[in-house]
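Tertiary structure, described
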Amino acid sequence: MVGTTVLKRVDENESAAFKQVKKIGVSTTEVTKRAALGDLQNRGVVRTIAAKDAAQKDLKDTKLQNALRATKARVDTHWKKTTTTTTVGGATRTNVATGEVVPTAAAAQRKVLTRSNSVRLGTTATTGLGGLQRHASATSHLLVGHNKVKTLTTKLVENKVQQVKIINKTTNKTETDATVEPSLRREDSNLSRKSLTKIKAAITQNASAAGATKPTLVKSHSAAATLTRKEPTTKSTETTSSATSASADKLKIVSVQTHSSKLLDDVKDIDEGDAENLVLVSDYVNDIYSYLFKLEAEQPVMKNHLEGQAEVYAKMRAVLIDWINEVHTQFHLAAETFQLAVAIIDRYLQAVKDTKRSHLQLVGVTALFIAAKYEELFPPAIADFIYITDDTYTGKQIRQMELQIFKALDCNLSRPLPIHFLRRFSKAAEAEDNHHAMSKYFLELAMIEYDMSHYKPSEIAAASLFLSLNLLKENSNMATGLNNKHWNSTLEWYSRYSPEHLRPIAKKIATVARNAPNAKLKAVYTKYQASKFQKVSTRSELYSTLMDSIISSKE
């Protein structure tokens, strides 16, 4: 053939998006290398590109090919804090992370009142009855300069004012008194009717507040806030006084306290200033991670989970995961894909105790196939997974194993991954890029070890970061061991682990990292020798006096 072009898939740390090789006038045949599961050395098997193209002949969509060529490298900076700047004399402010120009309050007030911006004109929060009145007064004030043209928004506000007046009158009546509900128009009716229903329910609840019990919130260190009820009093004087003041009492709305909703004095709010960036969901991020902590406790991988397997042993699991990591690197997949594949393998082997040795590689490649479809924007085709196993299994076998895995896991792939927690902890630690990269190296080393597979993902992430902070912030020539000062109160609050809890786990990870150059399974060690991972596996701190003191310390 006249010319040959080789496209290289990119991942989150790849700097060059593509590599092109063109030779004009010379007929060439390029070969590619793939990993094969057969021994501990992960021998390479070669095959011509022409044969691989024949196996992937179904990939003819030109739009998909153009999209792949235009794909840019993904950088793992989700954990970093973003900043915002103000421009144009205070009229607008630009978000550095997204480039979005956001108008300020002064510029917003100069806008013509429309349906889309009328709800944002108030300078204070509009909550409860008083908020509705303030919102109505602010809107009516702005309408003076526009000759009070009545639009759908104007009528909506007027209807809400009428609703407030009607509801205020009903407070002096009994529960049986009927209230008049004003008629609303089309799309405005549903939203206003829901708001009116909530307000009416809040007011009518006061009528029965004398005989009913009042719920109070009890704050806890966990994410859930439990409700407890006060016992009703038996004294007649208290009953009489509560009955007379029932109409005057107003319902107090108390927000549910989460794990990080009330920080300690020495704990820093790492989400402060993130409200401008909607991607960071700063209003919900603490609740999200509370849910992830709950999920990892509900879906554990038990210690010695391979007990009961007749043909699968711990060493075979290590060989399989090392091979999965090498395939993951060759396909340039995301870090989540590899970690999800390992989680699927462990959960399946824990549930299905009669897995045959000849089907172990099929379980591994199918788990990677599922994880790629779950995490990747453009997952590899099934032909790639057939090819990587040297045609040991067919596409039908992979699909059948996929069904078996989903049945064993009850179609549940929601178990959180270590990288999810690591990004959060790195943000809390204000870590540098080298700290985060070394922590990822420790994560992947720990996932190969069978003796560490029962630890929770958050424990592995926290211990990896704890170890990397000690190695890169301390003097590597001093035998000081692990120093608790690097795991401050902010990290302890957000991770929910103390340094004493992380010390034994960090010591095990240090032992694995110290022996990585001489180990038989070197996929992770070789992967992190690349410059895109800052060559963290070759850093001198990993083989220093400090590292030896951490390993030899008594915990």
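Just so we're clear, the structure is a prediction, and the values are computed from it rather than from any experiment.

Parameters at a glance
In every chain, residue numbers begin from 1 and rise along the written sequence. Side-chain atom pairs in this predicted model are given and counted only at pLDDT of 80 or more, local residue features only at pLDDT of at least 70, and totals for whole chains, interfaces and linings cover all residues. The basis for every side-chain value is the complete set of non-hydrogen atoms in the structure, without hydrogens or water. Helix axes are fitted to C-alpha atoms over the stretch in contact, other axes to C-alpha atoms as well, and angles between N-to-C directions run from 0 to 180 degrees. Helix and strand assignments follow DSSP, with helices taken as H or I runs no shorter than four residues and strands as E runs no shorter than two, numbered in order from the N terminus. Relative orientations are named as follows: roughly parallel for angles under 35 degrees, roughly antiparallel for angles over 145 degrees, roughly perpendicular for angles from 65 to 115 degrees, and oblique for any other angle. Helix crossings are classified by the rotation of the near helix relative to the far one: an anticlockwise turn of less than a right angle makes the crossing left-handed, while a clockwise turn makes it right-handed. In this description, contact between two residues means that some pair of their heavy atoms is separated by no more than 4.5 Å. Residue type decides the class: Asp, Glu, Lys and Arg count as charged, Ala, Val, Leu, Ile, Met, Phe, Trp, Tyr, Cys and Pro as nonpolar, and the leftover types, Gly among them, as polar. Side-chain atoms within 4.5 Å link the members of a nonpolar core, which is a set of buried Ala, Val, Leu, Ile, Met, Phe, Trp, Tyr and Cys residues. Note on exposure labels: buried denotes an accessible area under 20% of the residue type's maximum, exposed denotes more than 50%, and partly exposed covers the range between, all computed with a 1.4 Å probe on protein chains only. A side-chain nitrogen of Lys or Arg and a carboxyl oxygen of Asp or Glu constitute a salt bridge if their distance falls within 4 Å. Expected helix span is given by 1.5 Å per residue-to-residue step, counting one fewer step than there are residues. Read the arc as the range of directions from the helix axis to the C-beta atoms.

Considering the packing of helix α16 (residues 457–473) against helix α20 (residues 545–552)
In the contact formed by α16 and α20, the axes pass within 10 Å of each other and the chain directions differ by 140 degrees. Looking at the two axes, α16 sits oblique to α20. The crossing of α16 and α20 is right-handed. The segment α16 lies against α20, with L467, N470 and L471 engaging L546, M547 and I550. In terms of residue class, the contact of α16 with α20 is made up of five nonpolar, one polar and no charged.

Some points on the nonpolar core
Within the largest apolar cluster, 99 residues are counted, with the highest numbers of intra-cluster contacts made by Y441, F442, L467 and L471. With near-sequence residues (within four places) excluded, F442 lies in contact with S464, L467, S468, L471, I509, A513 and L542.

So, the pattern of salt bridges
A full pass over the atoms with the stated rule returns 11 salt bridges. The closest approach of N and O atoms between E430 and K268, which form a salt bridge, is 2.4 Å. One end of the pair, E430, is in the loop between α14 (418–429) and α15 (433–448); the other, K268, is in the loop between α7 (236–244) and α8 (285–298), and 162 residues separate them in sequence. Relative accessible area serves as the criterion here: at 45%, K268 is assigned to the partly exposed category.

A closer look at the environment of L295
Relative to the assigned elements, L295 resides in helix α8. Residue L295 is classed as buried on the basis of its relative accessible area of 5%. Between the C-alpha atoms of L295 and P416, which are 121 residues apart in sequence, the distance is 7.0 Å. Setting aside its immediate chain neighbours within four residues, L295 contacts S414 and P416.

Digging into helix α13 (residues 395–408)
If you check α13, its first and last C-alpha atoms are 20 Å apart, about what 14 residues at 1.5 Å a residue would give, namely 20 Å. Every buried residue of α13 is listed here: G395, I398, M401, E402 and I405. End-on, the buried residues of α13 take up no more than an arc of 120 degrees, which puts them together on one face. The outward face of α13, more than 90 degrees from its buried face, is lined by the exposed residues K396, L403 and K407. Contacts from the buried residues of α13 go to α10 (335–351), α11 (360–375) and α12 (382–388).

Distances and angles like these do not, on their own, reveal function.
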